[in-house]
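Per-entry structural report
Each chain, written out:
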Amino acid sequence: MSGLVGKLDPRRIQWGSTWNTFASRVLRTKPVESMLDSAMSGTSSHGTRLARVLSTVDLVSLGVGSCVGTGMYVVSGLVAKEMAGPGVIVSFIIAAVASILSGVCYAEFGVRVPKTTGSAYTYSYVTVGECVAFFIGWNLILEYLIGTAAGASALSSMADSLANHSISNFMISHIGALHGLGKGEQSYPDLLALLIALLVTVIVALGVKNSVGFNNALNVINLIVWVFMMIAGLFFVNGENWDEGRFLPFGWSGVMQGAATCFYAFIGFDIIATTGEEAKSPNTSIPYAITASLITCLTAYVSVSVILTLMVPYNEIDADAPLMEMFAMHGCMFAKYIVAVGSIAGLTVSLLGSLFPMPRVIYAMAGDGLLFKFLAHVSSYTETPVVACVVSGFLASLLSLLVSLRDLIEMMSIGTLLAYTLVSLCVLLLRYQPEGDIHGFVNFLSEEQNKKRKEGVLAECEKDACSPTSEADDYGGLPTNTCGAKNLPSLGDNEMLIGKPDKNAYTASHPNYGTVDMTTGIEAEESEGGMSRRLKKLIGPRYYTLRIRLGLPGKMDRPTPTTGKTVTVCVLLLFVFIFAFCSFIIFGASTIGEGRWWALLLLIFFILVIALLIVIILQQPENPKRLPYMAPCVPFVPASAMLVNIYLMLKLSAITWIRFSIWCLVGK
């Protein structure tokens with residue numbers, strides 16, 4: 001006993017080495033080279049292989065289907081009736097803005113680490129570290145688990161509505177009632193939702209090609225029904241439903257609370273990002289699919305919300321099946337059943353879209369040793385992580401049996417918002433890290449192309465070396481660089497001495513990377529991004545003066561470990577102060593509204609500190625590597641995404657935060 005006490009004596013503990021060991025385990029990252037080798041060998045980094053069969057259209061269909069089903073047929077009516085009224089239109093637009101800000105960050109991550117499964121989990125593991133990666137992955141599992149259960153519950157509620165609530169009455173009278181978690185409303189053991197979730201689990205486990213084909217067919221049906229609702233609904237609209245203050249019956253607070261719940265309806269791009277290992281060309285298809293999905297979903301939600309709130313007063317909307325009942329209230333029963341067909345298709349494809357990525361995240365985490373190893377097993381017949389499919393489907397079925405739909409939607413929103421916040425934070429960190437700290441990002445994206453070009457470049461060099469005259473002889477009087485290339489700025493001793501320089505082969509490790517454009521050969525200042533060119537035209541000659549006064553880095557500046565650490569500290573402080581700022585304006589809104597001097601002073605302090613941290617980040621040099629897609633206006637877009645996501649998280653109910661904390665503790 002005395003020996004044990006002696007070992008625990010703080011004076012005998014080597015705090016420095018202990019901290020370094022702890023930090024190395026928490027912050028260790030997954031090498032990109034291992035994923036590159038596995039991609040070239042045709043297997044995943046776990047030694048198994050998923051079928052690479054998804055096109056860009058398939059990804060867009062997955063994204064749209066996973067969003068539009070539950071979002072259009074359930075969330076629109078729920079938010080309109082209980083939170084925002086007709087202001088649900090504004091709630092959807094605000095949620096879409098938050099999604100777009102996070103979507104561009106997701107798209108950049110998808111390009112940085114393509115050909116992977118696991119979405120934000122894998123991105124974070126490669127770039128930030130194991131601790132953050134596990135936290136994101138665990139919350140993604142929560143997001144998809146609840147999304148699957150919510151989709152099954154929504155399908156069950158719609159079937160109950162079609163049967164004039166006979167299913168729910170039968171369950172309550174023969175089995176009994178349950179109390180919804182946290183809200184106090186009565187619900188019943190939803191056996192139909194359990195069966196629906198199990199059925200879709202079987203479809204997902206049968207193979208990705210079968211799942212996506214089924215998904216595309218249901219999306220076509222959903223599109224036809226949406227067009228029908230827009231045309232038929234115009235005959236029943238009533239503008240008085242928006243008159244006399246009825247547009248915002250719950251005020252702007254209700255609109256923002258509704259936006260937090262509406263965010264659940266925009267999770268499609270997250271699902272797209274999980275399919276990198278199964279996409280044919282993830283480098284280009286993932287950013288395009290994310291953008292197309294968000295635009296399509298926003299159009300569907302706003303148009304449906306307009307028709308719904310103009311056809312039915314917000315307080316008379318049926319929260320369980322709003323789009324079907326809005327036609328029934330006007331006596332148009334045939335339209336109700338047409339919408340019912342679309343509801344079945346939309347909610348089924350939404351359920352499929354939520355269940356489809358969950359086994360893939362579990363598979364990725366299990367393959368990395370963060371979950372039980374048997375969950376990474378891939379069936380040689382279906383080429384899917386079949387064990388993860390069965391486990392995730394069973395858990396989602398159990399959840400749909402016991403928990404009410406509203407509680408499921410709110411719980412899913414907080415997990416989604418947190419994952420998007422961390423992704424935005426990671427993008428902001430990576431842009432300002434030195435090349436050596438990004439674990440091979442530069443070579444990862446271009447190694448396959450460089451390998452294919454290698455033989456052609458060598459052949460061209462041999463041809464030029466053996467030719468009797470070089471190209472430079474044809475331009476005897478013009479200035480040349482060390483290689484004889486016409487009118488190109490010299491790249492110094494590192495330039496090729498034989499033949500024409502391969503501009504595409506320049507990497508960020510080159511000392512003059514960024515001063516010469518990789519594709520045009522002209523100086524980078526002439527080939528800047530569109531934003532810089534517009535600023536030059538707007539400000540004129542003062543553009544460079546402004547850059548100097550703000551202390552912005554020059555073209556030749558490169559990030560160093562010191563500047564990288566500066567950005568890391570600033571980003572972490574930015575997260576803390578944004579969280580404090582959002583908490584203050586939400587929970588201290590009445591104090592701010594009363595004009596208390598200390599409240600206004602504290603508000604100004606938060607704003608100034610956040611602005612100062614963004615300026616300090618701007619003053620640090622960015623990593624010069626240019627990717628096929630990059631989030632625009634960094635650091636403003638990631639910082640704005642963090643601000644919106646954190647604000648929407650804090651607008652959710654306290655019981656949702658309690659459940660979320662319990663889930664995180666279970667993961668630990």
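Residues numbered from 1 in each chain as written. Predicted model: local features only at pLDDT ≥ 70, side-chain atom pairs only at ≥ 80, totals over all residues. Heavy atoms only, no water.

The name an unreviewed UniProt entry assigns to the chain is Solute carrier family 7 member 14a, from the organism Amphilophus citrinellus. Turning to the chain, the UniProt annotation filed under Subcellular location (unreviewed entry) states: "Membrane". (UniProt positions renumbered as here; feature names shortened; annotations may be inferred.)

1. Observations regarding the overall build of the chain
Along its length, the chain carries 26 helices and two strands. Expressed as a percentage of the 668 residues in the chain, the buried residues total 53%. Sequence separation of at least 24 residues holds for 79% of the intrachain contacts in the chain that already meet a minimum separation of 6. As displayed, the chain has an accessible area near 29,600 Å², and 65% of this comes from carbon and sulfur atoms. (Helix = DSSP H or I, 4+ residues; strand = E, 2+ residues; numbered from the N terminus. Buried < 20%, exposed > 50% of the residue type's maximum accessible area, 1.4 Å probe, protein only. Contact = heavy atoms within 4.5 Å. Areas by Shrake-Rupley, 256 points an atom, 1.4 Å probe, with all protein chains shown as cover.)

2. Comments concerning unusual backbone geometry
Each neighbour pair has its own omega, and for Val634 with Pro635 the value is 15 degrees, a cis peptide bond. Within the element layout of this structure, Pro635 appears in the loop between α24 (597–618) and α25 (636–650). A positive phi angle, near 55 degrees, is found at Cys633, a position not held by glycine. Among the secondary structure elements, Cys633 is positioned in the loop between α24 and α25.

3. Let's talk about the UniProt feature "domain: Cationic amino acid transporter C-terminal" (unreviewed entry) in the chain
Per the UniProt record, the feature "domain: Cationic amino acid transporter C-terminal" (unreviewed entry) sits at residues 629–667. Taken end to end, residues 629–667 is 74% helix and 0% strand, and its two terminal C-alpha atoms sit 34 Å from one another.

4. A few points about the nonpolar core
Core analysis: the largest hydrophobic core is formed by 164 residues, its most contacted members being Tyr106 and Met229. Discounting residues that sit within four places of it in the chain, Met229 has contacts with Met72, Tyr73, Val304, Ile307, Leu323, Met326, Phe327 and Val339. (Core = buried A, V, L, I, M, F, W, Y, C linked by side-chain atoms within 4.5 Å.)

5. Comments concerning the side chain of Ser305
Structurally, Ser305 is set in helix α13 (residues 282–311). From its side chain, Ser305 meets the backbone oxygen of Tyr301 in a polar contact 2.8 Å long. Apart from residues no more than four positions distant in its own chain, Ser305 is found in contact with Ser76, Val88, Ile89 and Phe92. (Polar contact = N/O pair within 3.5 Å; in protein donor to acceptor, adjacent residues only side chain to side chain.)

6. A short note on the environment of Ile617
You can see Ile617 is positioned in helix α24. Each C-alpha atom, one on Ile617 and one on Gly564, is 9.7 Å from the other, the two residues being 53 residues apart in sequence. Each residue touching Ile617, except ones within four places of it in the same chain, is listed here: Leu428, Tyr432, Cys570, Val571, Leu574 and Pro635.

7. Some words on a nonpolar patch on the surface
On the surface, Phe372, Phe374, Val391, Phe394, Leu395, Leu398 and Leu402 cluster together into a nonpolar patch covering about 690 Å² of accessible area. Relative to the assigned elements, Leu395 resides in helix α17 (residues 386–402). (Patch = residues over 30% accessible without salt bridge, like charges linked within 9 Å, V, L, I, M, F, W, Y side chains within 5 Å. Salt bridge = Lys/Arg side-chain N within 4 Å of Asp/Glu carboxyl O.)

8. Section: the pattern of salt bridges
Inspection of every chain in the model, using the stated rule, returns four salt bridges. A salt bridge links Arg431 to Glu108, with the shortest nitrogen-to-oxygen separation between them at 3.0 Å. With Arg431 in the loop between α18 (405–430) and α19 (441–466) and Glu108 in helix α5 (residues 88–112), this residue pair connects regions lying 323 residues apart in the sequence. Both residues of the pair, Arg431 and Glu108, count as buried. Measuring nitrogen to oxygen at the nearest pair gives 3.2 Å for the salt bridge that ties Glu622 to Arg431. Of this pair, Glu622 sits in the loop between α24 and α25 while Arg431 is found in the loop between α18 and α19, placing the two residues 191 residues apart along the sequence. Three or more residues are tied together by salt bridges with common partners; here these are Glu108, Arg431 and Glu622.

9. A look at the packing of aromatic side chains
In total, this model carries 15 aromatic pairs according to the counting rule given. With centroids separated by 5.3 Å and ring planes inclined at 85 degrees, the aromatic side chains of Tyr106 and Tyr420 adopt a geometry described as edge-to-face. Within this pair, whereas Tyr106 is found in helix α5, its partner Tyr420 is found in helix α18, the two being separated by 314 residues in sequence. For the pair Tyr106 and Tyr420, a shared accessibility class is recorded, and that class is buried. Linked through ring pairs, Phe228, Phe236, Phe327 and Phe334 together constitute an aromatic cluster. The positively charged end of Lys336 is found above the aromatic ring belonging to Tyr337, 6.0 Å away from the centroid. Lying across the ring of Phe356, Arg360 places its NZ or CZ 3.9 Å from the centre. (Phe/Tyr/Trp six-rings, centres within 6.5 Å; stacked < 30°, edge-to-face > 60°. Lys NZ or Arg CZ within 6 Å of the ring centre and 35° of its normal.)

10. Side note on the environment of Val111
Mapped onto the elements, Val111 comes out in helix α5. With relative accessibility at 0%, the residue Val111 sits in the buried group. Sequence separation between Val111 and Met630 is 519 residues, and the spatial gap between their C-alpha atoms is 8.1 Å.

11. Quick look at the side chain of Ser424
Following the sequence through the fold, Ser424 ends up in helix α18. Given the relative accessible area of 0%, Ser424 is considered buried. Ignoring any residue separated from it by four or fewer positions in sequence, one finds Ser424 in contact with Ser102, Cys105, Pro638, Ala641, Met642 and Asn645.

12. Here's the deal with the environment of Thr656
With respect to the helices and strands, the residue Thr656 is situated in helix α26 (residues 654–667). Assessed through its relative accessible area of 0%, Thr656 is described here as buried. The spatial distance from the C-alpha of Thr656 to the C-alpha of Ile414 is 7.7 Å, given a sequence separation of 242 residues.

13. Focus: the confidence of the model for the chain
The share of residues in the chain with pLDDT of 70 or more is 72%, and the mean pLDDT across the chain is 74. Looking over the chain, one finds the lowest element-wise mean pLDDT in α19, namely 44, and the highest in α24, namely 94. Counting interchain partners and residues more than four positions distant, the pLDDT-below-50 stretch residues 41–46 has 16 contacts. Scored below 50 in pLDDT, residues 180–185 makes 18 contacts in the model with residues more than four places away or belonging to other chains. (pLDDT = per-residue confidence, 0-100.)

14. As for helix α10 (residues 208–233)
End to end, α10 covers 37 Å across 26 residues, agreeing with the expected 38 Å (1.5 Å per residue, within 8%). If you check which residues of α10 are buried, you get Val208, Ser211, Val212, Asn215, Leu218, Asn219, Asn222, Val225, Met229, Met230, Ala232 and Gly233. Turning to α10, the residues buried within the fold contact α4 (56–84), α9 (191–205), α13, α14 (322–328), α15 (333–355) and α16 (358–367). (Expected span 1.5 Å × (residues − 1).)

15. Focus on the packing of helix α7 (residues 130–162) against α9
At a minimum axis separation of 8 Å, α7 and α9 run at an interaxial angle of 125 degrees. Judged by the inter-axis angle, α7 sits oblique to α9. Considering the relative orientation of α7 and α9, their crossing is right-handed. Mapping the contact onto sequence places Ala152, Ser153, Leu155, Ser156 and Ala159 in α7 and Leu192, Ala193, Ile196 and Ala197 in α9. For the contact of α7 with α9, the residue count by class is seven nonpolar, two polar and no charged. (Axes fitted to C-alpha atoms, helices over the stretch in contact; angles between N-to-C directions. Parallel < 35°, antiparallel > 145°, perpendicular 65-115°, else oblique. Left-handed = near helix turned anticlockwise from the far one by under 90°. Nonpolar A, V, L, I, M, F, W, Y, C, P; charged D, E, K, R; others polar.)

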